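Observations on chain architecture
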Amino acid sequence: NAGVTQTPKFRVLKTGQSMTLLCAQDMNHEYMYWYRQDPGMGLRLIHYSVGEGTTAKGEVPDGYNVSRLKKQNFLLGLESAAPSQTSVYFCASSRGVRSTDTQYFGPGTRLTVL
Amino acid sequence: QQQVKQSPQSLIVQKGGISIINCAYENTAFDYFPWYQQFPGKGPALLIAIRPDVSEKKEGRFTISFNKSAKQFSLHIMDSQPGDSATYFCAAKGPGNKLTFGGGTRVLVKP
């Protein structure tokens, strides 16, 4: 079991460019999440999905779009990157919606927007 | 405005010492309080968690103390080891299994 994997590990973009981050999980989890991590602010929820074909906004959704066409994959898109989106992005997944259902995190993608 | 406030931002402790990290929350809808450990270049991993109807939970050298009336909780790392050097995040869960994180504490254990 690879758990949660993220592609790519690093990326540098210029302002205005677009890109897609891929998250994949092999645990057959229903729930998937995208977070961003910034110094001193912990992790903040961008978007999440409660199942294949569904998406919902989190705490900081502006400037991002997501899609969950397959249960095992959750894509995060930046249509027009801005320097404020420089961050480390983490994907997570969980089996269900109960508070005791652990969220398992991927290794992260470090994105720099120049 | 962070719903979960964590302190200190960093701490240094000698090997064998006790590390203490404190968190406070406002939202009474939170019903589960996990702590995550993160090593450099890795994603956060669940360390220990507590429900609000329990005042203390211990797993090995890690203990959570929970004060529901004060809306505060803390992580104690006993007999700290160099391998415990990491960033620790407190978090709170509300409806829909969504996590709200504190700002993180970088712990350095000196040998």
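Presented here is a report on the structure given in the accompanying data block. (Residues numbered from 1 in each chain as written. Chains lettered and ligands numbered in written order. Predicted model: local features only at pLDDT ≥ 70, side-chain atom pairs only at ≥ 80, totals over all residues. Heavy atoms only, no water.)

**What about the interface of chain B and chain A?**
Selection rule: Contacts: residue pairs with any heavy atoms within 4.5 Å of one another. Note: buried area is the sum, over both parts, of the accessible area (probe 1.4 Å) each one loses when the two are combined. Should a side-chain nitrogen of Lys or Arg be within 4 Å of a carboxyl oxygen of Asp or Glu, the pair is scored as a salt bridge. Pairs of N or O atoms within 3.5 Å make up the polar contacts considered here, provided that, within protein, one atom can donate a hydrogen while the other can accept it, and that residues adjacent in sequence are counted only when both atoms are side-chain atoms. Secondary structure elements are taken from DSSP: a helix is a run of H or I of four residues or more, a strand is a run of E of two residues or more, and numbering for both begins at the N terminus.
Each partner contributes residues to the interface: chain B has 21 residues there, and chain A has 23 residues. Across the interface of chain B and chain A, roughly 1,600 Å² is buried in total on both sides, 52% from carbon and sulfur atoms. Ranking the residues of chain B by area buried against chain A places B:Asn97, B:Lys98 and B:Phe101 at the top, with a combined share of 30%. At the boundary of chain B with chain A, the tally comes to zero salt bridges. Taken together, the connections running from chain B to chain A amount to four residue pairs in polar contact (both at pLDDT 80 or more). When contributions to the side of chain B that touches chain A are tallied by element, the ones reaching two or more residues are strand 4 (33-38), strand 9 (86-93) and strand 10 (99-101) of chain B.

**Side note on the sheet that holds strand 7 (residues 65-67) of chain A**
Residue and element names in this part refer to chain A. Rule in force here: Two strands make a pair as long as DSSP finds a minimum of two bridges between them. Between N-to-C directions, angles cover 0 to 180 degrees, with each direction set by a line fitted to C-alpha atoms, over the stretch in contact for helices.
The strand order across the open sheet built from four strands is 1-3-8-7, with neighbouring strands paired in antiparallel fashion. Among the strands making up the open sheet, the edge pair consists of strand 1 (4-7) and strand 7. Here the strands of the sheet are splayed against their neighbours by 20° on average, with no regard to which way each runs. Examined bridge by bridge, strand 1 and strand 3 (residues 19-25) share four bridges and lie antiparallel to one another. Residue pairing across strands places Thr7 opposite Leu22, the latter belonging to strand 3.

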